[in-house]
There are 2 protein chains.
Amino acid sequence: MHQASTDDFLATCATLTDECLARRLPGETTEPTRLHAAMRYSVLGGGKRIRPALVMATATAVGGQPEQALVAACAVELVHAYSLIHDDLPAMDDDELRRGRPTTHIQYDEATAILAGDALQALAFEWLATEPALTADTRLAMVRRLALASGSAGMVGGQAIDLGAVGQKLSVEQLEQMHRRKTGALIEASVHLGVLSVLGEGGGQQQQEQLASYARAIGLAFQVQDDLLDIEGDTSVIGKPQGSDQARRKPTYPALMGVDGARDYLATLLLQCQQSLADFGPQAGALRGMAEFVVSRRY
Amino acid sequence: MHQASTDDFLATCATLTDECLARRLPGETTEPTRLHAAMRYSVLGGGKRIRPALVMATATAVGGQPEQALVAACAVELVHAYSLIHDDLPAMDDDELRRGRPTTHIQYDEATAILAGDALQALAFEWLATEPALTADTRLAMVRRLALASGSAGMVGGQAIDLGAVGQKLSVEQLEQMHRRKTGALIEASVHLGVLSVLGEGGGQQQQEQLASYARAIGLAFQVQDDLLDIEGDTSVIGKPQGSDQARRKPTYPALMGVDGARDYLATLLLQCQQSLADFGPQAGALRGMAEFVVSRRY
């Protein structure tokens, strides 16, 4: 897939996702209004919608349409959004800026931010459990998969390891373990939910494994590029203070491998993404394009 | 049901629940160990297990065995436990004592407490979605019901209203609206999950409505008695500083109705509980006994 068509695909997915989220999230005039306003503020703040695009690109790769995977895409985005709200809290990363706007606890208050995150998590499972276009078995498989990916064995567990690692010296293996949970688990679940959206639990074993391999590689690539952007990026473009990981003495890939080493690793991960998709035809063009997008993004 | 047999029923339910939770929660030696230790500390801290007992008492009332409802009972308790962890945080109620022990953020730290709550919520949905003894449709109905009860239209929404109400003058109706969400929604869901555990979605409409009426009344009764205990109770017995609601200028039933008015209201609610169960036979003995327990409890 050419750069231009990947951009188109990402733009289409972002529009579908934004519209669906805006329509389905409780309105700001629904009581309790402040909580609902904070939920909408956090979710509709114009993220890149990488995870929803991955869900939909995977649905396309296994022969479906992006729209079939829209509810799964939005549920994943709700979990991602809730994790950012809680991550940004003073007791966690203490960030005041996210995507160029005040973080939720700055715009509202800490209590509202905690509750908005909690409510978004519940909403993700509610949406999956309620989607009439999917069979009961598929919905259940999605709830289970998303719960596992976001709980203590996945995303939240990764955040806990991350917090414990501040100021510590990790090996590359330990760093990878942390990221595989913190960001990788939800990215891997995005790909799996894309398959489930189209094929239910009937997806072929080999195809699943190839897509899982793709998901692991793109998840790590996303993190390596994130670490590189923290060093090289421009605050006004990345939407958070440049150098904030370094300032916090968080272990990063460039710190462990050097900047050139991290760039080489990124190239290896991109190759892994493409090789994982070798058996897929042109339908996997969006997944291939997304891998290129992730390693070359500037924000 | 006599006092003694209610005590026996509650003790049996608490033992079943404690054993199931202790067995199913990730072990303290599983990475990330600090997170898992905090989750176990928060959940296994010896709560009254009122909600699990309600789930199991309802299962009994519709002709089942308490054990059939055990996974639903434990899932509800996970949600309750997570809400207490987040409620106790400095940005929320800022409580340092819960059930006579340091709250989770005091025993561990704020970040770990936030994450432990987040992981417990995910775990509740994972357990429901995975329970092999229930049909896919029943599990989905439970996920949906628990998500609705715990999200912005339920428990979390009630907490948001509660936070906004500190120092405000509420009417009895507004106070009731707040409590119906904050504590009532999860109690009503407990009763509904008890029915689902035994009858799936095939429960009779009339029976459901009577049980829902019971659930609404016992939920409010629980709150009125909580408010009374805050005034009358003894710190060492109730496990939190006596008078803490007053100190925080939270609206309470005694503040609005006077202590005698609140006691009268409690008696009316008990009557409503018993009348709702008029068509049920001796199988509903545990539900009847629980209503008496809730209005007469001293802790």
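The following refers to the structure shown. Note that this is a predicted model, so its numbers are computed, not measured.

### Digging into the overall build of chain A
Part 1: A tally of regular secondary structure across chain A gives 14 helices and two strands.
Part 2: Here chain A has a C-alpha radius of gyration of 18 Å; the compact-globule value for 299 residues is 19 Å, and the two agree.
Part 3: With the C-alpha coordinates of chain A rotated into their principal frame, the extents come out at 50 × 45 × 35 Å.
Part 4: The buried share of chain A, taken over its 299 residues, is 60%.
Part 5: Of the contacts formed within chain A by residues at least 6 apart in sequence, a portion of 72% connects residues at least 24 apart.
Part 6: For chain A, the accessible area works out to roughly 11,200 Å², and carbon and sulfur atoms hold 49% of it.

### What to know about the relation of the copies chain A and chain B
Part 1: Between chain A and chain B, the superposition needs a rotation of 180° and an axial shift of 0.0 Å, giving an RMSD of 0.0 Å. Interpreted geometrically, this transformation is the action of a two-fold axis.
Part 2: Mapped onto chain B, 100% of the interface residues of chain A are again interface residues, and the two copies thus contact each other with one and the same surface.

### Brief notes about the environment of L89 of chain B
Part 1: In this structure, L89 of chain B sits in the loop between α4 (70–88) and β1 (97–98).
Part 2: Spatially, the C-alpha atoms of L89 of chain B and F293 of chain B are 29 Å apart, while their sequence positions differ by 204 residues.
Part 3: Aside from chain neighbours lying at most four places away, what touches L89 of chain B is I114 of chain A together with D94, H105, E110, A113 and I114 of chain B.

### Brief notes about helix α13 (residues 253–276) of chain A
Residues and elements named next belong to chain A.
Part 1: Taking 1.5 Å per residue as the helical rise, α13 with its 24 residues ought to reach 34 Å, whereas the 23 Å between its terminal C-alpha atoms falls clearly short.
Part 2: At V259, α13 shows its strongest bend, of approximately 90°.
Part 3: Regarding α13, the residues found buried are Y253, P254, A262, Y265, L266, L269, C273 and S276.
Part 4: Tucked inside the fold, the buried residues of α13 contact α9 (172–199), α10 (205–232) and α14 (285–296).

### Thoughts on the packing of α4 of chain B against helix α9 (residues 172–199) of chain B
Residues and elements named next belong to chain B.
Part 1: Closest axis-to-axis distance for the α4/α9 pair is 9 Å, and the angle between their directions is 165°. One finds that α4 runs roughly antiparallel with respect to α9. Where α4 crosses over α9, the two elements pack in a sense that is right-handed. Where α4 approaches α9, its residues A72, V76, V79, H80 and D87 are matched on the opposing element by K182, L186, S190, L193 and S197.
Part 2: Considered class by class, the residues forming the contact of α4 with α9 number five nonpolar, three polar and two charged.

### Quick look at the packing of aromatic side chains
Part 1: Per the counting criterion, the structure on display carries five aromatic pairs over all chains.
Part 2: With a centroid separation of 5.6 Å and an interplanar angle of 75°, the aromatic rings of Y41 of chain A and Y108 of chain A are classed as edge-to-face. With a gap of 67 residues between them, Y41 of chain A in helix α2 (residues 33–43) and Y108 of chain A in the loop between α5 (104–107) and α6 (110–130) connect regions that are remote in the sequence.
Part 3: We classify Y41 of chain A as buried; its relative accessible area is 13%.
Part 4: Taking the ring centre of W127 of chain B as reference, the NZ or CZ of R24 of chain B above it sits at 4.8 Å.

### Overview of the pattern of salt bridges
Part 1: Scanning the entire structure with this criterion turns up 20 salt bridges over all chains.
Part 2: Its salt-bridge partner being D88 of chain A, residue R98 of chain A comes within 2.9 Å of it at the nearest N-O pair. Placement of R98 of chain A in strand β1 (residues 97–98) and of D88 of chain A in the loop between α4 (70–87) and β1 is noted, with a sequence separation of 10 residues between them.
Part 3: Judged by its relative accessible area of 27%, R98 of chain A falls in the partly exposed class.
Part 4: The salt bridge involving D18 of chain B is made with R49 of chain B; its shortest N-O contact spans 2.7 Å. You can see D18 of chain B sitting in helix α1 (residues 3–24) and its partner R49 of chain B sitting in the loop between α2 (33–43) and α3 (50–61), a full 31 residues away along the chain.
Part 5: One continuous salt-bridge network, built from bridges that share partners, spans D18, R49 and E77 of chain A.

### As for the packing of α6 of chain A against helix α8 (residues 155–165) of chain B
Part 1: Close contact between α6 of chain A and α8 of chain B brings their axes to 9 Å; oriented N to C, the two are set at 165°. Overall, the two elements α6 of chain A and α8 of chain B adopt an arrangement that is roughly antiparallel. Pair α6 of chain A / α8 of chain B crosses with left-handed handedness. Judged by residue contacts, A111, L115, D118 and A119 of chain A of α6 of chain A engage V156, Q159, A160 and L163 of chain B from α8 of chain B.
Part 2: Each residue belonging to the contact of α6 of chain A with α8 of chain B can be placed in one class, and the counts come to six nonpolar, one polar and one charged.

### Concerning the interface of chain A and chain B
Part 1: Residue-level contacts link 41 residues of chain A with 41 residues of chain B.
Part 2: Ranking the residues of chain A by area buried against chain B places L115, L140 and S152 of chain A at the top, with a combined share of 17%.
Part 3: The interface formed by chain A and chain B contains zero salt bridges.
Part 4: Here chain A and chain B share 12 residue pairs in polar contact (both at pLDDT 80 or more) between them.
Part 5: Looking at the side of chain A that touches chain B, the elements that each hand over two or more residues are α2, α4, α6, α7 (136–150) and α8 (155–165) of chain A.
Part 6: Per-element accounting of the side of chain A that touches chain B gives the leading share, 12 residues, to α6 of chain A.
Part 7: Partitioning the side of chain A that touches chain B into residue classes produces 24 nonpolar, nine polar and eight charged.

What counts, and where the lines are drawn
- Residues numbered from 1 in each chain as written.
- Chains lettered and ligands numbered in written order.
- Predicted model: local features only at pLDDT ≥ 70, side-chain atom pairs only at ≥ 80, totals over all residues.
- Heavy atoms only, no water.
- Helix = DSSP H or I, 4+ residues; strand = E, 2+ residues; numbered from the N terminus.
- Rg over C-alpha atoms; globule rule 2.2 N^0.38 Å.
- Buried < 20%, exposed > 50% of the residue type's maximum accessible area, 1.4 Å probe, protein only.
- Contact = heavy atoms within 4.5 Å.
- Areas by Shrake-Rupley, 256 points an atom, 1.4 Å probe, with all protein chains shown as cover.
- Least-squares fit on C-alpha atoms with pLDDT ≥ 70 in both.
- Expected span 1.5 Å × (residues − 1).
- Bend = angle between axes of the 7 residues up to and from the residue.
- Axes fitted to C-alpha atoms, helices over the stretch in contact; angles between N-to-C directions.
- Parallel < 35°, antiparallel > 145°, perpendicular 65-115°, else oblique.
- Left-handed = near helix turned anticlockwise from the far one by under 90°.
- Nonpolar A, V, L, I, M, F, W, Y, C, P; charged D, E, K, R; others polar.
- Phe/Tyr/Trp six-rings, centres within 6.5 Å; stacked < 30°, edge-to-face > 60°.
- Lys NZ or Arg CZ within 6 Å of the ring centre and 35° of its normal.
- Salt bridge = Lys/Arg side-chain N within 4 Å of Asp/Glu carboxyl O.
- Buried area = accessible area lost by both parts, 1.4 Å probe.
- Polar contact = N/O pair within 3.5 Å; in protein donor to acceptor, adjacent residues only side chain to side chain.

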